[in-house]
Number of protein chains: 2
Amino acid sequence: MTDKIDIKEKVLSENDRMAESLRQRFAGKTLCLNLVSSPGSGKTSLLEKTIPALEKELKMALVAGDVQTENDANRLIAAGGKAVRPIVTKGACHLDARMVETALDGLPVENADVLFIENVGNLVCPSSYDLGEDAKVVIISVTEGDDKPLKYPGMFRRSSLMIINKIDLLAHCEFDMAKVRQNALQINGNLDIFETSCRTGQGLDHWYNWLRQKSASKKKGQS
Amino acid sequence: MTDKIDIKEKVLSENDRMAESLRQRFAGKTLCLNLVSSPGSGKTSLLEKTIPALEKELKMALVAGDVQTENDANRLIAAGGKAVRPIVTKGACHLDARMVETALDGLPVENADVLFIENVGNLVCPSSYDLGEDAKVVIISVTEGDDKPLKYPGMFRRSSLMIINKIDLLAHCEFDMAKVRQNALQINGNLDIFETSCRTGQGLDHWYNWLRQKSASKKKGQS
């Protein structure tokens with residue numbers, strides 16, 4: 001087990017160096033967000049809404065990771081995404097900084113106001129890999145249950161914003177909104193929290209305003 | 001990267017030996033099922049229904065894995081589970097055979113007809129770890145999207161049964177039942193498939209009959 005831990009630390013440390021180099025590259029201009037969630041919580045749906053809503057205000061670059069298929073990247077292109085790259089991890093359970101750097105090759109990311117990195121759908125492993133992001137955005141859907149922040153604390157501890165998605169299904173689920181907020185804030189008292197439905201559009205304005213504000217702060221060197 | 005792969009192979013090979021020893025222990029008597037899914041798809045809910053429905057027919061032992069909290073094990077005890085053990089992985093993204101063996105200590109598993117192992121909610125990593133089970137049962141919910149078998153093929157390839165849960169929400173989701181079946185069978189042509197709602201009870205009889213039949217086959221040495 002010692003060997004396993006040593007190797008894991010070595011890999012993480014290499015990842016941290018690469019992530020730091022990405023962070024330097026984006027300094028003062030490109031807001032970099034790492035979107036994480038369970039499979040099917042709505043990462044791609046959120047971006048499909050965001051692209052047309054903000055395309056006149058913000059230049060967006062997008063990287064979409066999946067274990068297999070380029071489906072998500074294709075959905076983002078169909079939604080109007082102009083600078084989109086897929087990453088197929090071929091079995092790996094998370095993106096790492098090297099995969100992101102490779103995917104950025106040829107992408108006009110230096111001109112982008114925001115780089116969205118859509119991670120593999122997994123509430124555990126992606127929490128350990130810094131991708132050079134300014135913030136992790138964790139998305140949960142109301143169909144998953146209000147206990148998720150307590151059961152997967154690492155991800156919620158390392159995120160800056162929690163988006164509670166699929167609120168159009170609230171009436172059909174046993175999901176206590178007050179409880180999920182309390183559970184999340186117990187893990188991370190600094191978490192911003194928005195409620196959205198990518199299906200109906202409800203609540204998305206909070207997210208768009210958050211993006212505008214974070215992008216502006218990034219350019220002022222405040223994030 | 002070579003070091004990383006070597007270590008991973010060593011860990012998996014140790015796991016395989018331990019899993020084989022568990023398999024010998026259960027031979028000819030205890031049907032062992034490894035329940036896998038995304039977070040919040042309904043593994044615990046399925047077991048909460050199964051315990052009271054079959055407690056007069058089948059002796060059940062249950063092991064519930066989570067990254068953090070013993071919530072699931074407590075729910076199984078509240079549902080009437082008499083032989084229940086939690087495994088808190090403290091950050092690890094999957095159960096391994098050693099964790100299961102440790103959790104079984106003191107559990108009357110030798111008398112059990114069925115051992116349910118509820119894995120960590122994760123559609124990627126648990127697919128690589130044999131726990132000595134007769135079958136993996138993968139649960140997806142209709143809120144997750146019909147593309148999941150294509151995007152997480154490893155898990156669906158290694159499972160024997162796919163349960164499509166939360167069908168009470170079908171009218172409120174864009175989920176194509178014919179497509180998810182086609183996608184799953186494209187990955188694994190031998191997959192049994194049932195549709196259920198743990199909330200309304202719809203379709204659970206198929207699952208109960210499958211359990212009865214697999215348990216009977218196990219005792220005849222046919223699985």
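See the structure shown above.
The structure reproduced in this document is the subject of the present report. Predicted model only: the values in this text are computed from it and were never measured. (Residues numbered from 1 in each chain as written. Chains lettered and ligands numbered in written order. Predicted model: local features only at pLDDT ≥ 70, side-chain atom pairs only at ≥ 80, totals over all residues. Heavy atoms only, no water.)

1. Focus: the overall build of chain A
Here is step 1 of the chain: Counting its secondary structure elements, chain A contains eight helices and seven strands.
Here is step 2 of the chain: Relative to the 2.2 N^0.38 estimate, which gives 17 Å for 223 residues, the radius of gyration of chain A is 17 Å and therefore close to what a compact globule would have.
Here is step 3 of the chain: Overall, chain A is about 50 × 45 × 35 Å in size when its C-alpha atoms are taken along their principal axes.
Here is step 4 of the chain: By residue count, 58% of the 223 residues in chain A fall in the buried class.
Here is step 5 of the chain: A fraction of 75% describes how many contacts in chain A between residues 6 or more apart in sequence connect residues 24 or more apart.
Here is step 6 of the chain: Of the accessible surface of chain A, which amounts to about 9,100 Å², a share of 47% is contributed by carbon and sulfur atoms.
Here is step 7 of the chain: If the 30 positive side-chain charges of chain A are averaged to one point and the 30 negative ones to another, these points end up 2 Å apart. (Helix = DSSP H or I, 4+ residues; strand = E, 2+ residues; numbered from the N terminus. Rg over C-alpha atoms; globule rule 2.2 N^0.38 Å. Buried < 20%, exposed > 50% of the residue type's maximum accessible area, 1.4 Å probe, protein only. Contact = heavy atoms within 4.5 Å. Areas by Shrake-Rupley, 256 points an atom, 1.4 Å probe, with all protein chains shown as cover. Lys, Arg positive; Asp, Glu negative; His and termini not counted. Charge placed at Lys NZ, Arg CZ, Asp CG, Glu CD.)

2. Here we look at the relation of the copies chain A and chain B
Here is step 1 of the chain: When chain A is fitted to chain B, the residual RMSD is 0.0 Å, and the transformation amounts to a turn of 180 degrees plus an axial shift of 0.0 Å. Such a combination of rotation and displacement between the chain copies is what one expects of a two-fold axis.
Here is step 2 of the chain: Residue by residue, 100% of the interface of chain A is reproduced at the interface of chain B, so both copies engage with the same surface. (Least-squares fit on C-alpha atoms with pLDDT ≥ 70 in both.)

3. Observations regarding unusual backbone geometry
Here is step 1 of the chain: Residue A:Lys90 is not a glycine yet carries a positive backbone phi of 55 degrees.
Here is step 2 of the chain: On the secondary structure map, A:Lys90 appears in the loop between strand 3 (84-88) and helix 4 (97-104).

4. Some details on helix 3 (residues 71-78) of chain A
Here is step 1 of the chain: Among all positions of helix 3 of chain A, only A:Asp72, A:Ala73 and A:Leu76 are buried. Down the axis of helix 3 of chain A, the smallest arc covering the buried residues is 100 degrees, so these residues share one side.
Here is step 2 of the chain: Tucked into the core, helix 3 of chain A has its buried residues touching helix 2 (43-54), strand 2 (60-66), strand 3 and strand 4 (114-118) of chain A together with helix 5 (148-151) of chain B.
Here is step 3 of the chain: Trailing helix 3 of chain A by a residue or two, A:Gly80 shows a phi angle of about 110 degrees, which is positive. (Arc of directions from axis to C-beta.)

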